[in-house]
Amino acid sequence: MMKKSLTLLAFLSLLLNGFSQNTDSVFIKQIFDNALTNRVAYQNLEVLTKIAPGRLVGSEESIVALKFFEKYFKELGVDTVYLQEFKTHSWACDSSSVSILKTKSPEVPLRCDALGTSVSTPESGIIAEVIEVQGLEDLETLGTEKIAGKIVFFNRPMKDTFINTFAAYGDAVDQRAHGPAEAAKYGATGAIVRSVTTSLDDFPHTGSSRFPDSRIPALAISTLAANQLSQELKENPKTKVRIFVQARDLPEITTYNLVAEIRGKVKPEEAIVVGGHIDSWFNSPGAHDDGAGCVMSCDVLRIFKELNIQNNRTIRAVLFMDEEMFQSGGKAYADFVGQSGKRPYLALEVDEGAFTPEGFSVDAPDSIVNKLHSFKPLLDPYGIKYIRKGGGGVDIYPLKKSGVPLVAYVTDPQRYFDMHHSGNDTFDKINYRELNMGTGCVTTLIYLIDKYGVE
Ligand SMILES: [Zn+2]
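Anyway, here's the lowdown on the structure attached to this text.

Side note on the coordination of the zinc ion
Here's step 1: In this structure, His277 (NE2), Asp289 (OD), Asp351 (OD) and Asp351 (OD) serve as the protein donors to the zinc ion, at separations of 1.9 to 2.6 Å.
Here's step 2: Around the zinc ion, the four donor atoms are arranged such that angles at the metal cover 52 to 148°; this shape is classified as irregular.
Here's step 3: Each donor residue of the zinc ion lies on the same chain, and together they follow the pattern H-x11-D-x61-D. Note that Asp289 is positioned in helix α9 (residues 287-306) and Asp351 in the loop between β11 (346-349) and β12 (357-363), a separation of 62 residues in sequence.
Here's step 4: When its relative accessible area of 4% is taken as the criterion, Asp289 is described as buried.
Here's step 5: Residue Asp351 is classed as buried on the basis of its relative accessible area of 12%.

Now the structure itself:
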């Protein structure tokens, strides 16, 4: 008898489990139907890239972008919308140029953009010989004797042989991030860096360059320009270039993260954060990086509202300022929730472009990774290949120290670095379906986290 009722119980629970899986998959289909038939996120991204390209922290465009999303959330009728104010320093670039000097013909301009936070050159620029290197380790070999007074040209390409382009980026980016400061230690007067991109074209790709000590003018040139300069140096090792940068430090500015939320009906104090970064480099409309993450995060709230989901926990979109230069928005947000003692329940970052969904990576203890992984069968039909341990994201990273589980939405990485940090990151590179599939996947994961928790 006992055995029989246990079997019956097991059967019933299996049935119930199957039933809840089935009701979940039916509801998730509704989430995707909404995401895939709605043009709101796509249109928001079109407007954002039009009205606020180059929205680096401290720029007018960054405020235009904040106001645009603030208005959107207010019209959507979410429960709370506010700007979380903080102070930071910033930097702005006004103009830059690089050209090869020729003895008999005019200077040959190369497509370039200054790296943040390059210093300015004199009005007439800096003219110097160029020394080409393949990496930071070459600086030590050459030494001050061969480097002092010259412009160091870092020309190691991003490797095509990596399957994941983020790994290829990680392999090459030290030249941009640390090369100029290292070159300065050997007395270089300036630095030129080959754009860290998978493309061979004429777009310069900027990015941040760290200067712990003394700063020198530093610029990125396009990959085509890098090849041209390298060829020129092969033919004439004494080739000189002129570099010019006009940039400003902004010592203290007031700026904001944008926060919008739908309050939880059962556990409002447990907030699930979804966000991207609102800023972009000065040279870029920032469609994939990270306008896409912003409009997708906005769309998660829209779908929750339109489907009238009775969320247990608070669903909170955070659009972070200044991911690109100093990550001041992410830090300010972590401080803000830290001080109020209201650490989020979980945070999910969307900052890998609007490409075909691939998976989610989770920075949390194994038990939480396993729990999130248990949702994967429900996302299988929508192309999610994995939910596994991995990195969270730059903006949400400061929340890690207070124990917040972090999740990153991961997309097909093959095309991201064609556009990254360049004028090529335009709205026309956004595919309507890929963007909306991403919104569907992110909304679904948040829906499941809210419904079942992660413990
Ligand atoms: Zn980004």
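Let's talk about helix α5 (residues 165-172)
Here's step 1: If you check which residues of α5 are buried, you get Thr165, Ala168, Tyr169 and Ala172. Buried residues of α5, viewed axially, fall in a sector of 100°; they line one side.
Here's step 2: The N-capping residue of α5, defined by a side-chain oxygen 2.8 Å from the backbone nitrogen of Phe166, is Asn164.

Some remarks on the pairing of strand β6 (residues 190-194)
Here's step 1: Where burial is concerned, most of β6 is hidden: five out of the five residues are buried.
Here's step 2: Residues Gly190, Ile192 and Arg194 of β6 are buried on one face, and the alternating residues Ala191 and Val193, pointing to the opposite face, are buried as well.
Here's step 3: With four bridges connecting them, strand β5 (residues 151-154) and β6 associate as parallel partners. Looking at β6, one finds that Phe153 is bridged to Ile192.
Here's step 4: Strand direction decides the pairing type here: β6 and strand β7 (residues 218-221), joined by four bridges, are parallel. Looking at the pairing, Ala191 lines up with Ala218 of β7.

Observations concerning the state of the cysteines
Here's step 1: Per the stated rule, a full pass over the model turns up zero disulfides.
Here's step 2: Cys93 forms no disulfide, and the closest cysteine sulfur to it belongs to Cys112, at a distance of 8.6 Å.
Here's step 3: When its relative accessible area of 15% is taken as the criterion, Cys93 is described as buried.
Here's step 4: With no disulfide of its own, Cys298 has Cys294 as its nearest cysteine by sulfur position, at a separation of 6.8 Å.

A look at the pattern of salt bridges
Here's step 1: Counted under the stated rule, the structure contains 20 salt bridges.
Here's step 2: The partner of Lys451 in a salt bridge is Asp24, and the shortest N-O contact between them spans 2.7 Å. Here Lys451, found in helix α14 (residues 432-452), pairs with Asp24, found in helix α1 (residues 2-36); they are 427 residues apart in sequence, far enough to count as distant.
Here's step 3: The partner of Glu182 in a salt bridge is Lys185, with the nearest N and O atoms 2.7 Å apart. Placement of both Glu182 and Lys185 in helix α7 (residues 179-185) is noted, with a separation of three residues, approximately one turn of the helix.
Here's step 4: Classification of Glu182 as partly exposed rests on a relative accessible area of 24%.
Here's step 5: In this structure, a network of salt bridges that share partners links the residues Asp299, Arg302 and Glu306.

Points about a nonpolar patch on the surface
Here's step 1: A contiguous nonpolar surface patch, about 190 Å² in accessible area, is contributed by Val47, Ile51 and Val64.
Here's step 2: Relative to the elements of secondary structure, Ile51 occurs in helix α2 (residues 40-51).
Here's step 3: Judged by its relative accessible area of 38%, Ile51 is partly exposed.

Cut-off values and rules
Residues numbered from 1 in each chain as written. Predicted model: local features only at pLDDT ≥ 70, side-chain atom pairs only at ≥ 80, totals over all residues. Heavy atoms only, no water. Donors = N, O, S within 2.8 Å, 3.2 Å for Na, K, Ca; no water. Tetrahedral: all angles 85-135°; square planar, octahedral: opposite > 155°, others 65-115°. Helix = DSSP H or I, 4+ residues; strand = E, 2+ residues; numbered from the N terminus. Buried < 20%, exposed > 50% of the residue type's maximum accessible area, 1.4 Å probe, protein only. Arc of directions from axis to C-beta. Polar contact = N/O pair within 3.5 Å; in protein donor to acceptor, adjacent residues only side chain to side chain. Pairing = 2+ DSSP bridges. Disulfide = S-S within 2.5 Å. Salt bridge = Lys/Arg side-chain N within 4 Å of Asp/Glu carboxyl O. Patch = residues over 30% accessible without salt bridge, like charges linked within 9 Å, V, L, I, M, F, W, Y side chains within 5 Å. Areas by Shrake-Rupley, 256 points an atom, 1.4 Å probe, with all protein chains shown as cover.

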